[in-house]
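The lines below spell out each chain.
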Amino acid sequence: MTDRAIDDQVSLLMQGTEYGDDELKRSMAAEIRQRLKETQAEGRPLRVYCGFDPRTADLHIGHTVPIRKLRQFQELGHEVYFVIGRFTALIGDPSHEDKVRAPITMEEATLNAESYAEQAFRILDPAATKVVYNDEWLAPLTFRDVIELAQNFTVQQFLSRDSFRERWEQGDPIYTHEFLYAVMQAYDAYHLRTDVQVGGSDQLFNIITAARKLMESMGAKPNIGIIMGILPGTDGVVKISKSLGNHIPLLATPEDMYGKVMSIPDDAMSSYFRLVTRWNPQEIEALEAGLVAGELHPRDVKMELAREIVGAYQGDAKAEEAEQAFRRVFQQQKLPRDVDDFQLREGMSLVEVIVEAGLAPSNSQARRLIKQQAVRLEDQVLKEPNALPELEAPAVLRVGKRRFVRLLPP
């Protein structure tokens, strides 16, 4: 591999990374460049891993940011380990959590893991992915082992983390077992002896501080941390989250996924370019330069982005169908071909209809949409959340730009 080829790999692998410190980013880039040269001399690929705690079975594309990075490593010929954290899931990562996580059982973690891996293989090459479970090496550890591992860390290190410090200052409880999460994840890194660990920026402490420190103290060469930025939600402002309703479900229909991407603000597109597409740095730079120069219209670029994202997760044929549906509904002002029916009951409020028909995830979100005048019955804007016009014939209820249902009179 030439120096130019190594530089191209480093450029791609560092795409979308976010360390919060330019010097640290340069240091990690230099380390991965050097490790590529070393493994080339040894005649082997990089060994790369990322851990995933299966605390939920319902993934959105924000969960797939590190999985997309693993796929890039695979396409460059490197060896990928997909670590399912059934044991770490029992605690749950306290990073950026303002309260202790509710415990889950090993049985729940195992069931979630099956769904998690199935969805991950929409992106990863199953034949080139080594799936391992961290309870296989964490469960056999003795209490003495845990004491020896914990000796590498101080309470001050943990309390310096924003999530713990804020809870400390507010007088909220911080439980001892929460400190063990970073210790357990650090032992994952030591046990696997991989060259690279991928994770989100909320994993910076666990990867850069805990894992590298423990590996060095135990005589292993430390992992290189590839720390990914956090994908903003469809509002373009805050972290993508199911609870906030600004997420794009991985199992969404192609039409819904396409439409949700089209709803993101223009200034959020760059994050999506870098974190959830198959595009390389040169392709992204060309798009961004075209936007800045006014040579490309943001709407056209966003449609290209939506087609790429749907294609990456659901196939290019589905992406083409989704784009045609979008053009039909929004550019030609036509209804979708298939609109679900919803049978009204006597006395239902508008909020109840919106939530029960699946057009909003919660009553509060439904009220917010009504207040924003984003709810229409045929051509009429509906403004009263606790009422609903009487219907004598079926009528189409539209919520936002992409959600439709045909209401049937009671």
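Cut-offs and rules
- Residues numbered from 1 in each chain as written.
- Predicted model: local features only at pLDDT ≥ 70, side-chain atom pairs only at ≥ 80, totals over all residues.
- Heavy atoms only, no water.
- Helix = DSSP H or I, 4+ residues; strand = E, 2+ residues; numbered from the N terminus.
- Buried < 20%, exposed > 50% of the residue type's maximum accessible area, 1.4 Å probe, protein only.
- Contact = heavy atoms within 4.5 Å.
- Lys, Arg positive; Asp, Glu negative; His and termini not counted.
- Charge placed at Lys NZ, Arg CZ, Asp CG, Glu CD.
- Salt bridge = Lys/Arg side-chain N within 4 Å of Asp/Glu carboxyl O.
- Core = buried A, V, L, I, M, F, W, Y, C linked by side-chain atoms within 4.5 Å.
- Pairing = 2+ DSSP bridges.
- Arc of directions from axis to C-beta.
- Phe/Tyr/Trp six-rings, centres within 6.5 Å; stacked < 30°, edge-to-face > 60°.
- Axes fitted to C-alpha atoms, helices over the stretch in contact; angles between N-to-C directions.
- 1 Å grid on protein atoms, 1.4 Å probe; cavity = no way out; pocket = protein on both sides within 12 Å on 5 of 7 lines; lining within 4 Å.
- Points joined across faces, edges and corners; volume = space filled by probe spheres on them.

Draft legend 1. A look at the overall build of the chain. Counting secondary structure elements, the chain contains 17 helices and 10 strands. For the chain, the proportion of its 410 residues judged to be buried stands at 48%. Summarising the internal contacts of the chain: among those between residues at least 6 apart in sequence, 70% fall at separations of at least 24. When the 49 positive and 62 negative side-chain charges of the chain are each reduced to one mean point, those points stand 2 Å apart.

Draft legend 2. Layout of the pattern of salt bridges. According to the stated counting rule, one finds 23 salt bridges in the structure shown. The residue Arg71 makes a salt bridge to Glu75 at a minimum N-O spacing of 3.1 Å. Here Arg71 pairs with Glu75, and both are found in helix 3 (residues 65-75), just four residues apart, close to one helical turn. For Arg71, a relative accessible area of 24% translates into the label partly exposed. In this structure, Lys239 engages Asp202 in a salt bridge whose closest nitrogen and oxygen atoms are separated by 3.9 Å. Here Lys239, found in the loop between strand 5 (224-228) and helix 11 (254-262), pairs with Asp202, found in the loop between strand 4 (196-200) and helix 10 (204-217); they are 37 residues apart in sequence, far enough to count as distant. The exposure class of Lys239 is partly exposed, given its relative accessible area of 47%. Salt bridges sharing common partners tie together Arg35, Glu38, Glu42, Arg44, Asp195 and Lys221.

Draft legend 3. Local environment of the nonpolar core. Among the nonpolar cores identified, the biggest contains 64 residues, and Ile61, Phe73, Phe82 and Tyr272 are the most heavily contacted of them. Per-element accounting of this core gives the leading share, seven residues, to helix 14 (residues 298-314). Setting aside residues up to four positions removed in sequence, Tyr272 forms contacts with Ile61, Leu231, Pro232, Gly233, Thr234, Ile240, Ile248, Ile264, Thr277, Leu305 and Ile309. Among the nonpolar cores identified, the runner-up in size contains 27 residues, and Leu149, Phe179, Ala211 and Met215 belong to it.

Draft legend 4. Geometry of the environment of Arg144. Along the polypeptide, Arg144 turns up in helix 6 (residues 143-150). Of the residues examined, Arg144 reaches a relative accessible area of 62% and is grouped as exposed. Separated by 72 residues in sequence, Arg144 and Glu216 have C-alpha atoms that sit 20 Å apart.

Draft legend 5. Quick look at the sheet that holds strand 8 (residues 380-381). Spatial strand order, 6-10-9-7-8: five strands in an open sheet with mixed pairing. Of all strands in the sheet, those bounded by a partner on one side alone are strand 6 (341-343) and strand 8. One ladder, built from three bridges, connects strand 7 (residues 375-377) with strand 9 (residues 395-399); its direction is antiparallel. The residue of strand 9 that forms the bridge with Val375 is Val399.

Draft legend 6. Up close: helix 1 (residues 3-13). Along helix 1, the positions that sit buried rather than exposed are Ile6, Gln9, Val10, Leu12 and Leu13. Viewed along the axis of helix 1, the buried residues span an arc of 165°, placing them on a single side of the element. Residues of helix 1 that are exposed and point over 90 degrees away from its buried face: Asp3 and Arg4. If you follow the buried residues of helix 1, they end up packed against helix 2 (22-42), helix 3, strand 5 and helix 13 (281-293).

Draft legend 7. Here's a closer look at the packing of aromatic side chains. According to the stated counting rule, one finds 10 aromatic pairs in the structure shown. For the pair Phe158 and Phe205, a centre-to-centre distance of 5.6 Å together with 55° between the ring planes defines the contact as tilted. Placement of Phe158 in helix 7 (residues 155-159) and of Phe205 in helix 10 is noted, with a sequence separation of 47 residues between them. Aromatic pair Tyr187 and Tyr190: ring centres 5.8 Å apart, planes at 45°, arrangement tilted.

Draft legend 8. Just the sheet that holds strand 3 (residues 129-133), in detail. Here we have five strands laid out as an open sheet, ordered 3-2-1-4-5, and parallel in their pairing. With one partner strand each, in any of the chains shown, strand 3 and strand 5 form the two edges of the open sheet. The average undirected angle you get between the axes of adjacent strands in this sheet is 25°. Sheet topology note: the strand 2 (residues 79-84)/strand 3 ladder contains five bridges and is parallel. Across the sheet, Val83 pairs through a bridge with Val132, a residue of strand 3. With respect to the sheet, helix 3 is in contact with strand 1 (47-52), strand 2, strand 3, strand 4 and strand 5, its orientation differing from that of strand 1 by roughly 160°. Strand contacts of helix 9 (residues 176-192): strand 1, strand 2, strand 3 and strand 4, with the helix running at about 150° to strand 1, the strand carrying the most contacts.

Draft legend 9. Spotlight on the layout of surface pockets. Volume-wise, the largest pocket comes out at about 1,400 Å³. Forming the walls of the largest pocket are 44 residues, and the residues nearest its centre are Asp256, Lys260, Arg402, Arg403 and Phe404. Mapped onto the lining of the largest pocket, the elements with two or more residues apiece are helix 11, helix 15 (316-331), helix 17 (363-371) and strand 10 (403-408). The greatest single-element share of the lining of the largest pocket, amounting to eight residues, is contributed by helix 15.

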